[in-house]
Amino acid sequence: APTLCTTLNQHMRGSGASDAPVLGFPEKFDLALRYGEELVHGNDAIDVSDRLLLDALAKQAQHGACNAPRPSLFDAEGRARYSAWCQLGNTSKMEAMFMYTRALEELAPEWWRWPPLELVPPATNEARADGECGEAGADTAAPNGTAGAEAVPPAAANHPNSTEPPPMPNGAVTPTAHPAHPAHVAPPSATPLASEPEPPPGGAPPSALRRLTVGGWTRLAEQGAPARYRHACVVVGARLLVYGGRANSGRLAASICVLDLLSGVWSEPTIGGAAPEQRWGHTMCAYRGLAIVFGGHRGRGSLCDTPVLDTQSMAWASPSLPGPPPPPRGTHAAAVCADRLWVMGGDSPAAGALQMDVWSLPLRGLAEACSTRADAARGWEVADTSGGVPPPCRDGTACACGPRVLLIGGAGPSGYAPMASLWLLHVEELSWSAVHTSGSVPRPRAGHCSATVLTGAGGWRVYMFGGGNSATGFDDLHVLDTSWRWSKLERAESGGGGGGGGEDSARDEAPPGACEGAAMASSGGMLLLCGGYSSGGATRASFAWGCEGGGHAAAASPRELAYAERRSSGANEPPLPARTLLLLSCPSGSPAQAYAQAAQAALTHGFTELQVVAVPAAGDGGPAGAAAAASATSQEQALSMMLQRLEELQLQWRNLDGGTTSLLSQAHVLGSVQPCRYTLMAAGTPRVFSAHWIGLLDLASGRSAVASTAAREVAGAERNTRAWGSAKAAAPADLDVDSALLLTQAWRSLIKSW
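Since the structure is predicted, the reported quantities are computational estimates derived from the model, not experimental observations.

A. Geometry of the overall build of the protein. Scanning the protein from N- to C-terminus turns up 15 helices and 40 strands. Relative to its full complement of 754 residues, the protein shows a buried share of 52%. Sequence-distant contacts in the protein: of pairs separated by 6 or more residues, those separated by 24 or more amount to 64%. When the accessible surface of the protein is summed, it comes to about 31400 Å², and 52% of that surface belongs to carbon and sulfur atoms.

Here's what the structure looks like:
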């Protein structure tokens, strides 16, 4: 609805000025309160009701619900303040912060220009004083048009050395509009609110991920990165997870390390559940919000278990699977395709290189078993394949290419597998076929790593790096396209991180060297490479490669048609991307992957080659983190919390360097979702309802929209369970059927008005 869109626009940018800073909460509230207490709360020129509202919201935001003693009967002003505070009831502190800043912006749209707040550089205010504000004359009216109040000359009000506030409405000078830069979206090249942090000594800065370049390597931050080889990694949402492998000492590594793909910072989170046995040479694949591990070597034996990491609750699970598992193995190949995990090849100390038997595990049932902590209905199944059979192979890789699994490289009793002839497993027909490749065919190898990157019109590209043979190691990067043609990607200058000069700078600019046993994953059009073993031992170096765009153009979507119509009417529209990346901010602990899947299914027809990546909000214990992890208890609170996370993502995007290709800077659209559960009284009986608020923000055009699902009544059994956002609550692995259906309908309604 237009009213909701207008509300979102005003909230994201306040006054609507193109140079207004984008601030996160609670910082924005703290600055607004400083302005309000100094210049508004005690200003007799402002209506009493407005001052009472601001005073009550300030107290609610700082102290919560009213807990002060009732003032004396003769204290009229105190009783008025007390009554206004009590009327806010149980409004949350975070919601009160939003309401306070919104109310202040109605009275003083440009409060952020007040020089003591130091939000606007002096040069900006000085230019404004010499320009448009100086032309307004000296007859500026008092706030709210109140007669008799002394007017503040505009030049003085905006002079950098003045402590006077910016003018109020009805007399304020409206800032000049800049159509090229939407009011609530600043261009990526805009001056950030704060300078970039200094890089830590001895490594790339935490923000190295923000300075990727297309077609080149960028060295990522090493602080906190694991030094491992023969490990595995996977991307779930906006996080890269690294598990297992060997450290430099040769000891097995047990911890899980996580790279935040928005900030570029490594961490080692606490993992719940019973930890699986340590291992190397295993595989780890992602399915929804799960990271599924299989097999690997340990000591003088091999494993055949299937530990599962729930990345929402960050806890291990080992669901019971019926039937026999595959024979123990390590250095095998695995990939997820058609809702199944496919495993093939590998070796074991007892049997050597294994025959190329194919095993598959249904993943829908596994996901349900993990969420309900019940036994899975179906377990591992051996496939009866037709066609030719690949020779025994270990240390190869597998990649999903549409409805097929592609085997790449490896070694067996007969030597290294050729790269000019690869094997394809057609998972629907359960048949093998050989494909012959052309182009710059890589040399045969084992111990390499590979990943699939999706392109336009349902296409794909398979990237392969490193590995070695009995004669040498490799440091080359190759890509295989849908025409089965290999191309060698020449090493470009590394972007990134260190700054400065000397040895540190040279190291930061060096691309990855020859190594074996590294791990690779892909997300949002970039490759992520971590670890490996070289002549210097295990390395903690991590790199990212910005993949080239491309692929065949898809059929025109409604968004493309509307875009073409605006262009033909003379609108100044930026180029429409051939592929759309939507980052969806989700509350911490919520079923983030399920939210992303619902948005993906509902919004696909409205965007070109849409990819939705869930971005769980960080619950770091601070005010913003607590708000991100909390469950909303009212519709208005849910709207406020949804807007807050959308604003936080926009703030991070705005502070990125121009021309970068990190996960955030590649985003075309930002989204947010927030559930709420609230109680209504009906004939004296409490009835519990649930709903979701959703929002979208197009970074290119500045268009935005918000909507909510229809409220549904929560059943009695569900009503008695603890809300997922509350303390000690287990995160659900999936949405219930009714909520998923309502959420899908809401996304479809939202995209129709997009």
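More follows now that the structure is in view.
B. Quick look at the environment of Phe-474. Mapped onto the secondary structure, Phe-474 falls in the loop between strand S26 (460-465) and strand S27 (477-480). Among residues more than four places away in sequence, those in contact with Phe-474 are Arg-443, Pro-444, Arg-445, Gly-466, Gly-467, Gly-468, Asn-469, Gly-513, Ala-514 and Cys-515.

C. Structural detail: the sheet that holds strand S23 (residues 431-436). Ordered by their spatial adjacency, four strands build an open sheet running S18-S19-S22-S23, and the pairing between neighbours is antiparallel. Strands at the two margins of the open sheet, each flanked by one partner only, are strand S18 (397-401) and S23. Direction aside, the axes of adjacent strands within the sheet are offset by 30° on average. Where S18 and strand S19 (residues 404-408) come together, five bridges link them in antiparallel fashion. Its bridge partner being in S19, Thr-397 is matched across the sheet by Ile-408.

D. Summary view of the packing of helix H11 (residues 592-603) against helix H15 (residues 737-752). The N-to-C vectors of H11 and H15 enclose an angle of 45°; their axes lie 9 Å apart at closest approach. For the element pair H11 / H15, the angle class is oblique. Remark: the crossing between H11 and H15 carries right-handed chirality. Contacts between H11 and H15 involve Tyr-595, Ala-598, Ala-599, Ala-602 and Leu-603 on the former and, on the latter, Leu-743, Thr-744, Trp-747, Arg-748 and Ile-751. Among the residues making up the contact of H11 with H15, the classes are represented as eight nonpolar, one polar and one charged.

E. Structural context of the side chain of Arg-51. Among the structural elements, Arg-51 can be located in helix H3 (residues 48-63). Judged by its relative accessible area of 17%, Arg-51 is buried. At 3.3 Å, the side chain of Arg-51 forms a polar contact with the backbone oxygen of Asn-43. The contacts of Arg-51, once residues within four sequence positions are left out, are Val-40, His-41, Asn-43, Asp-44 and Ile-46.

F. Representation of the packing of helix H5 (residues 93-107) against helix H13 (residues 635-654) in the model. Running from amino to carboxyl end, H5 crosses H13 at an angle of 75°, the nearest separation of the two axes being 9 Å. Between H5 and H13, the interaxial angle falls into the category roughly perpendicular. Packed against H5, whose contacting residues are Met-94, Glu-95, Phe-98, Met-99 and Arg-102, the element H13 presents Glu-636, Gln-637, Ser-640, Leu-643 and Gln-644 at the interface.

G. Quick peek at the pattern of salt bridges. Counting across every chain of the model gives 19 salt bridges. With a closest N to O distance of 3.6 Å, Asp-357 and Arg-329 form a salt bridge. A residue pair is termed long-range when its members are at least 10 positions apart, and Asp-357 in the loop between strand S15 (352-353) and strand S16 (358-362) and Arg-329 in the loop between strand S11 (315-317) and strand S12 (333-337) qualify at 28 residues. Among the ionic pairs, Arg-445 bridges to Asp-476, the shortest N-O distance being 2.8 Å. Of this pair, Arg-445 sits in the loop between strand S24 (438-439) and strand S25 (449-454) while Asp-476 sits in the loop between S26 and S27, placing them 31 residues apart in sequence. Residue class for Arg-445 comes out buried when judged on its relative accessible area of 0%. A single network of salt bridges, built from pairs that share partners, joins Asp-55, Lys-59, Glu-77 and Arg-81.

H. Representation of the environment of Cys-399. Relative to the helices and strands, Cys-399 resides in strand S18. Residue classification places Cys-399 among the buried positions, given a relative accessible area of 3%. A C-alpha to C-alpha distance of 7.4 Å links Cys-399 and Val-462, two positions 63 residues apart in sequence. Other than its neighbours up to four places away in sequence, Cys-399 contacts Ala-335, Arg-404, Val-405, Leu-406, Ile-408, Ser-450, Ala-451, Thr-452 and Val-462.

I. Main features of helix H8 (residues 363-372). Every buried residue of H8 is listed here: Leu-363, Leu-366, Ala-367, Ala-369 and Cys-370. The arc that holds every buried residue of H8, seen down its axis, measures 160°, which confines them to one face. The exposed set on the far side of H8, more than 90 degrees from its buried face, consists of Arg-364, Glu-368 and Thr-372. Those residues of H8 that are buried are in contact with strand S6 (283-287), strand S7 (290-294), strand S10 (308-310), S12, strand S13 (340-344) and S16.

Definitions and limits used
- Residues numbered from 1 in each chain as written.
- Predicted model: local features only at pLDDT ≥ 70, side-chain atom pairs only at ≥ 80, totals over all residues.
- Heavy atoms only, no water.
- Helix = DSSP H or I, 4+ residues; strand = E, 2+ residues; numbered from the N terminus.
- Buried < 20%, exposed > 50% of the residue type's maximum accessible area, 1.4 Å probe, protein only.
- Contact = heavy atoms within 4.5 Å.
- Areas by Shrake-Rupley, 256 points an atom, 1.4 Å probe, with all protein chains shown as cover.
- Pairing = 2+ DSSP bridges.
- Axes fitted to C-alpha atoms, helices over the stretch in contact; angles between N-to-C directions.
- Parallel < 35°, antiparallel > 145°, perpendicular 65-115°, else oblique.
- Left-handed = near helix turned anticlockwise from the far one by under 90°.
- Nonpolar A, V, L, I, M, F, W, Y, C, P; charged D, E, K, R; others polar.
- Polar contact = N/O pair within 3.5 Å; in protein donor to acceptor, adjacent residues only side chain to side chain.
- Salt bridge = Lys/Arg side-chain N within 4 Å of Asp/Glu carboxyl O.
- Arc of directions from axis to C-beta.

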